[in-house]
Amino acid sequence: MTGAADVSVKKILVPVDGSPVSSKAAQYAVHIAKVEGAKLVIMHVVENVKQGGAIGLQARYGNVRLVEGFRRARIKSAERWMSDIVDDAAKQNVSAKAEILPDDGTHEVGVITEYAKKNNVDLIVMGSRGQSTFKKLLVGSVTNAVINHSPCPVLVVR
Ligand SMILES: Nc1ncnc2c1ncn2[C@@H]1O[C@H](COP(=O)(O)OP(=O)(O)OP(=O)(O)O)[C@@H](O)[C@H]1O
Ligand SMILES: [Mg+2]
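Given the structure is predicted, the values throughout are model-derived calculations rather than measurements.

Parameters and conventions
- Residues numbered from 1 in each chain as written.
- Chains lettered and ligands numbered in written order.
- Predicted model: local features only at pLDDT ≥ 70, side-chain atom pairs only at ≥ 80, totals over all residues.
- Heavy atoms only, no water.
- Helix = DSSP H or I, 4+ residues; strand = E, 2+ residues; numbered from the N terminus.
- Rg over C-alpha atoms; globule rule 2.2 N^0.38 Å.
- Contact = heavy atoms within 4.5 Å.
- Lys, Arg positive; Asp, Glu negative; His and termini not counted.
- Charge placed at Lys NZ, Arg CZ, Asp CG, Glu CD.
- Pairing = 2+ DSSP bridges.
- Axes fitted to C-alpha atoms, helices over the stretch in contact; angles between N-to-C directions.
- Salt bridge = Lys/Arg side-chain N within 4 Å of Asp/Glu carboxyl O.
- Buried < 20%, exposed > 50% of the residue type's maximum accessible area, 1.4 Å probe, protein only.
- Polar contact = N/O pair within 3.5 Å; in protein donor to acceptor, adjacent residues only side chain to side chain.
- 1 Å grid on protein atoms, 1.4 Å probe; cavity = no way out; pocket = protein on both sides within 12 Å on 5 of 7 lines; lining within 4 Å.
- Points joined across faces, edges and corners; volume = space filled by probe spheres on them.
- Nonpolar A, V, L, I, M, F, W, Y, C, P; charged D, E, K, R; others polar.
- Near = heavy atom within 4 Å.
- Areas by Shrake-Rupley, 256 points an atom, 1.4 Å probe, with all protein chains shown as cover.
- Sits in = over half its atoms within 2 Å of the grid points.

Caption draft 1: The arrangement of the overall build of the protein in detail. For the protein, the helix and strand inventory stands at five helices and five strands. Computed over C-alpha atoms, the radius of gyration of the protein comes to 17 Å, within 12% of the 15 Å expected from 2.2 N^0.38 for 158 residues, which places it in the range of a compact globule. Overall, the protein is about 60 × 35 × 30 Å in size when its C-alpha atoms are taken along their principal axes. Pairs at least 24 residues apart make up 72% of the contacts formed inside the protein by residues separated by at least 6 positions. Computed over 21 positive and 15 negative side-chain charges, the inter-centroid distance for the protein is 5 Å.

Caption draft 2: Region of interest: the sheet that holds strand 4 (residues 123-127). With parallel pairing, the five strands of this open sheet are ordered in space as 3-2-1-4-5. Strands with a single pairing partner mark the edges of an open sheet, and in this sheet they are strand 3 (96-102) and strand 5 (154-157). Within the sheet, the average angular offset between the axes of one strand and its neighbour, ignoring direction, is 25 degrees. In the sheet, strand 2 (residues 39-46) pairs with strand 3 via seven bridges, with the strands oriented parallel. Considered in strand 3, the bridge of L40 is made with A96. Each of strand 1 (11-15), strand 2, strand 4 and strand 5 touches helix 1 (residues 20-36); the most contacted strand, strand 4, lies at about 150 degrees to it.

Caption draft 3: Spatial organisation of unusual backbone geometry. Despite not being glycine, H107 shows a phi value in the positive range, around 75 degrees. Among the structural elements, H107 can be located in helix 4 (residues 107-118).

Caption draft 4: Structural context of the pattern of salt bridges. This model, assessed by the stated rule, comprises five salt bridges. The partner of E68 in a salt bridge is R72, with the nearest N and O atoms 3.7 Å apart. Of the two residues, E68 and R72 both sit in helix 3 (residues 64-91), four residues apart, roughly one turn of that helix. Judged by relative accessible area, which is 54%, R72 ranks as exposed. Here K118 makes a salt bridge to E114, at a shortest N to O gap of 3.7 Å. Placement of the pair is K118 and E114 together in helix 4, with a separation of four residues, close to one helical turn. Each member of the salt-bridge network shares a partner with another, and the members are E68, R71 and R72.

Caption draft 5: Fine view of the environment of K10. By secondary structure assignment, the location of K10 is in the segment before strand 1. The spacing of K10 and R74 is 64 residues in sequence and 30 Å in space, taken between C-alpha atoms. Beyond its immediate sequence surroundings of up to four residues, K10 is in contact with E36, G37, A38, K39 and D122. In this structure the side chain of K10 is engaged in a polar contact, spanning 2.8 Å, whose partner is the backbone oxygen of E36.

Caption draft 6: Focus on the layout of surface pockets. The calculated volume of the largest pocket comes to roughly 740 Å³. Broken down by class, the residue content of the lining of the largest pocket amounts to 12 nonpolar, 12 polar and six charged.

Caption draft 7: Structural context of the site of ligand 1. Taken together, 20 residues sit near ligand 1, with P15, R129, G130, S141 and V142 positioned nearest. Within the side chain of H44, one N or O atom sits 3.5 Å away from a nitrogen atom of ligand 1. Separating a nitrogen atom of ligand 1 from a backbone N or O atom of V45 is a distance of 2.9 Å. Out of a free accessible area of 620 Å², ligand 1 has 90% covered by protein chains. According to the grid-proximity analysis, the pocket containing ligand 1 is the largest pocket. Contributions of two or more residues to the shell around ligand 1 are made by strand 2, strand 4 and helix 5 (141-149). Of the residues contributing to the shell around ligand 1, the split by class is six nonpolar, 10 polar and four charged.

So this is what it looks like as structure tokens:
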């Protein structure tokens with residue numbers, strides 16, 4: 001190997017979906033941040049309502065209040081489990097901030113990778129799987145696509 005890579009891990013992005021695997025990924029991120037003196041950004045992307053589902057049907061027929069209520073409930077619950085992670089980091093003297101972002105039409109993957117590009121993220125730490133109960137793939141679709149499009153290294157936690 002010629003020359004040393006300029007390795008600096010100062011900002012770590014941790015995309016979370018409330019699943020046990022993503023909480024485990026967050027624990028790894030806190031550990032690495034402590035060792036490296038890095039800051040954490042805990043991020044949840046609020047997915048757009050799926051076309052096919054029951055709520056999606058309501059969205060199609062213009063039931064704005066129901067869809068908005070559903071979104072707000074999702075944000076509220078995300079705030080709860082994200083603040084657990086931020087508190088946990090604080091207990092270990094690691095600075096962490098929580099970001100809840102809407103899907104701007106680029107899917108969770110676009111939001112995560114664009115954020116990483118624009119904010120000079122050095123490392124992404126995420127779970128191999130998430131909330132889905134459909135276990136066909138070895139890694140979930142969000143993780144698979146982030147690995148393909150990330151500007152920085154990705155640590156996948158199982
Ligand atoms: N909405 C989201 N916002 C932020 N991070 C997410 C989001 N969804 C998933 N992730 C991250 O991606 C990891 C893997 O989840 P992913 O969604 O890829 O798998 P899955 O839910 O098992 O399968 P599926 O492809 O069916 O969604 C999670 O552990 C979490 O770190
Ligand atoms: Mg998922």
